[in-house]
Amino acid sequence: MKNILKDFLLRSIKDSDAVLELCSLSSPSYKVSKNQYVLKKYQKENCLYFISSGCIALMVQTEKKDNVLGFGYQNSIITSFLSFASGLPSDLTLLAISDVELIKIPKKGLMHLVNNNSTIANWYNKLIKKTLIGHLNREIEMLTLSPKERYVAFLNRSGHLVNSIPLKYISS
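Conventions adopted
Residue numbers run consecutively from 1 along every chain, following the written order of its sequence. Confidence filtering applies because this is a predicted model: local features only for residues at pLDDT of at least 70, side-chain atom pairs given and counted only at 80 or more, and all residues used for totals across whole chains, interfaces and linings. Excluded from the side-chain calculation are hydrogens and water; included are all heavy atoms of the structure. Comment: axis = line fitted to C-alpha atoms, over the contacting stretch for helices; angle = value between 0 and 180 degrees taken between N-to-C directions. Helix and strand labels come from DSSP, where a helix needs a run of H or I of at least four residues and a strand needs a run of E of at least two; each type is numbered from the N terminus. The labels follow the angle: roughly parallel below 35 degrees, roughly antiparallel above 145, roughly perpendicular from 65 to 115, and oblique for the rest. Between two residues, a contact is recorded if the distance between any of their heavy atoms is within 4.5 Å. For this classification, Asp, Glu, Lys and Arg are treated as charged, while Ala, Val, Leu, Ile, Met, Phe, Trp, Tyr, Cys and Pro are nonpolar and the rest, including Gly, are polar. Ring pairs shown here join Phe, Tyr and Trp side chains whose ring centres sit within 6.5 Å, with only the six-membered ring taken for Trp; geometry is labelled stacked below 30 degrees between planes, edge-to-face above 60, and tilted in between. Summary of the burial criterion: residues with accessible area below 20% of their type's maximum are buried, those above 50% are exposed, and those between are partly exposed, where the area comes from a 1.4 Å probe applied to protein chains only. Here, a charge over a ring means that NZ of Lys or CZ of Arg falls within 6 Å of the ring centre while also lying within 35 degrees of the ring normal. Identification of polar contacts relies on pairs of N or O atoms within 3.5 Å, with a donor-acceptor requirement for protein atoms, meaning one able to donate a hydrogen and the other able to accept it, and with residues adjacent in sequence counted only if both atoms are side-chain atoms. Two strands qualify as a pair provided that DSSP identifies no fewer than 2 bridges between them. Residues grouped as a nonpolar core are buried Ala, Val, Leu, Ile, Met, Phe, Trp, Tyr and Cys residues, joined through side-chain atoms within 4.5 Å.

Asks: Run through the packing of helix α5 (residues 118-144) against helix α6 (residues 147-158), naming residues and quoting values.
Replies: Two elements in contact, α5 and α6, have axes separated by 9 Å at closest approach and are oriented at 155°. Looking at the two axes, α5 sits roughly antiparallel to α6. Along the contact surface, α5 presents Arg138, Glu141, Met142 and Thr144, while α6 presents Glu149, Arg150, Ala153 and Arg157. Partitioned by chemical class, the residues of the contact of α5 with α6 number two nonpolar, one polar and five charged.

Asks: Please provide a residue-by-residue account of the packing of aromatic side chains, values included.
Replies: Under the defined criterion, the tally for this structure stands at two aromatic pairs. Judged by centre distance (5.0 Å) and plane angle (45°), the rings of Phe8 and Phe50 are tilted. Of this pair, Phe8 sits in helix α1 (residues 2-10) while Phe50 sits in strand β3 (residues 47-53), and the two are 42 residues apart along the sequence. For Phe50, a relative accessible area of 0% gives the class buried. Note that Lys107 overlies the ring of Phe84, its terminal NZ or CZ placed 5.5 Å from the centroid.

Asks: Could you give me a rundown of the side chain of Ser90, with the residues and numbers involved?
Replies: With respect to the secondary-structure elements, Ser90 resides in the loop between α3 (81-86) and β7 (93-96). One polar contact links Ser90 to Ser80, side chain to side chain, over a distance of 2.7 Å. Those residues within four positions of Ser90 in sequence are excluded, and the remaining contacts are Leu39, Lys41, Tyr42, Gln43, Ser80 and Ser83.

Asks: With reference to specific residues and values, describe the sheet that holds strand β5 (residues 66-73).
Replies: If you walk across this open sheet you meet the four strands as β2-β7-β4-β5, and the pairing is antiparallel. In this open sheet, the two edge strands, each paired with only one partner strand, are β2 (37-39) and β5. The sheet shows a mean angle of 30° between the axes of neighbouring strands, direction not considered. Judged from the seven bridges that link them, strand β4 (residues 55-61) and β5 form a sheet pairing that is antiparallel. Directly across from Leu58, in β5, lies its bridge partner Gly70.

Asks: Hey, could you go over the environment of Thr62 for me, with residue numbers and the actual values?
Replies: Structurally, Thr62 can be placed in the loop between β4 and β5. Separated by 31 residues in the primary sequence, Thr62 and Thr93 have C-alpha atoms spaced 11 Å apart. Engagement of the side chain of Thr62 in a polar contact is seen with the backbone oxygen of Lys65, the distance being 2.8 Å.

Asks: Can you explain the nonpolar core? Please cite residues and give values.
Replies: Counting residues in hydrophobic clusters, the biggest one holds 22 residues, and the most contacted among them are Leu5, Leu9, Leu22, Leu48, Leu110, Ile120 and Trp123. Of all the secondary-structure elements, those providing two or more residues to this core are α1, α2 (16-25), β3, β8 (100-106), α4 (107-116) and α5. When neighbours within four sequence positions are excluded, Leu9 is seen to be in contact with Val19, Leu22, Cys23 and Trp123. Counting residues in each nonpolar core, the second largest holds 14 residues, with Val32, Cys47, Tyr49 and Leu102 among its members.

These results come straight from atomic positions and should not be treated as a statement about function.
Right, dumping it as structure tokens:
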């Protein structure tokens with residue numbers, strides 16, 4: 001499974017030595033069953049998750065409603081970034097909405113590489129930027145678009161996921 005992570009990283013990091021360093025940090029792949037939590041609210045996030053297969057919802061859960069902020073899916077990376085960056089307990093949950101296979105990249109090792117390898121630092125900064133832009137765009141959609149318009153925006157952005165994500169998560 002680490003070959004999947006390696007191939008993913010090689011698409012954005014052209015330095016194979018840097019990719020091998022990142023891969024050397026990663027855990028063996030492991031499985032999370034549908035409806036199981038990858039991270040629960042109030043837990044501290046200490047790794048990035050590379051999704052080899054399946055789908056994860058990034059959610060804010062309240063007593064009244066679960067609000068989906070976004071999805072992680074095959075060949076993507078997800079985390080509760082606020083907790084990951086701050087070291088504070090997470091206000092978000094990561095819920096497997098299908099059976100998922102993950103590879104963890106631990107924060108401590110990653111931050112060491114970010115601080116000592118400019119190629120990995122550049123990759124990490126691009127990852128943060130892409131994540132921030134995605135979350136801000138999603139927030140704007142949530143505040144300005146009708147449910148129908150949000151669904152159309154989702155189809156335009158991530159239509160390939162429509163058959164793998166239950167509608168109740170898309171519509172929230």
